[in-house]
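Coordinate inspection notes
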Amino acid sequence: QVHLVESGGGLVQPGGSLTLSCAASGTIFGINTMGWHRQAPGKQRELVAAMTSAGNTNFADSVKERFTISRDNTKNTVFLQMNSLKPEDTAVYYCNMGQLEPAAGVVNYWGQGTQVTVSS
């Protein structure tokens with residue numbers, strides 16, 4: 001089992017910045033992907049950014065050039081630096097970890113979510 005704890009959400013004006021953090025604890029294996037999804041009211045949850053334990057990244061087109069993802073593998077923590085925020089970035093942001101577990105295959109874990117509101 002893996003437990004994910006997110007922090008860093010809040011209210012920010014358009015054009016502002018926020019940094020989200022997510023710390024994982026529990027039984028963590030070496031091959032994994034950590035990242036962020038978001039869900040706005042009335043919309044489906046969508047991938048924002050993800051980073052594998054090997055350092056490969058994937059971003060939604062809507063956040064490329066504005067958001068940066070990074071990891072501290074020694075602390076099992078992933079960060080999402082969000083710049084030039086827009087009102088359409090408003091959503092609940094969920095941390096996600098997917099890892100390859102013996103006998104179980106790939107197992108996905110989710111945090112409880114943190115609200116990001118971009119508004120003047």
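Look up: the structure comes first, before these words.
Below or above, wherever it landed, is the structure these notes cover. (Residues numbered from 1 in each chain as written. Predicted model: local features only at pLDDT ≥ 70, side-chain atom pairs only at ≥ 80, totals over all residues. Heavy atoms only, no water.)

1. Things to note about the nonpolar core
- Trp36, Leu80, Met82 and Tyr93 are the most contacted members of the largest nonpolar core, which has 30 residues in total.
- Other than its neighbours up to four places away in sequence, methionine 82 contacts Gly16, Ser17, Leu18, Leu20, Arg66, Phe67, Tyr93 and Val116. (Core = buried A, V, L, I, M, F, W, Y, C linked by side-chain atoms within 4.5 Å. Buried < 20%, exposed > 50% of the residue type's maximum accessible area, 1.4 Å probe, protein only. Contact = heavy atoms within 4.5 Å.)

2. Brief notes about unusual backbone geometry
- Residue glutamate 65 is not a glycine yet carries a positive backbone phi of 75 degrees.
- Its location among the elements puts glutamate 65 in the loop between β6 (57–59) and β7 (67–72).
- According to the relative accessible area criterion, glutamate 65 is exposed, its value standing at 81%.
- Unlike most non-glycine residues, alanine 103 shows phi in positive territory, near 75 degrees.
- Along the chain, alanine 103 falls in the loop between β9 (91–101) and β10 (105–110).
- Look at alanine 103 and you get exposed, because its relative accessible area is 95%. (Helix = DSSP H or I, 4+ residues; strand = E, 2+ residues; numbered from the N terminus.)

3. Looking at the environment of alanine 40
- If you trace the backbone, alanine 40 turns up in the loop between β4 (32–39) and β5 (46–52).
- Assessed through its relative accessible area of 18%, alanine 40 is described here as buried.
- A sequence separation of 20 residues divides alanine 40 from alanine 60, and the C-alpha atoms of the two residues are 15 Å apart.
- Ignoring any residue separated from it by four or fewer positions in sequence, one finds alanine 40 in contact with Thr90 and Ala91.

4. Section: the state of the cysteines
- One pass over the full model with this rule turns up one disulfide.
- The side chain of cysteine 22 participates in a disulfide bridge whose partner is cysteine 95; the two sulfur atoms lie 2.0 Å from each other. On the S-S bond that ties cysteine 22 to cysteine 95, the torsion sits near -85 degrees, and the link is left-handed. Placement of cysteine 22 in strand β3 (residues 18–26) and of cysteine 95 in strand β9 is noted, with a sequence separation of 73 residues between them. This pair shows no difference in class: cysteine 22 is buried, exactly as cysteine 95 is. (Disulfide = S-S within 2.5 Å.)

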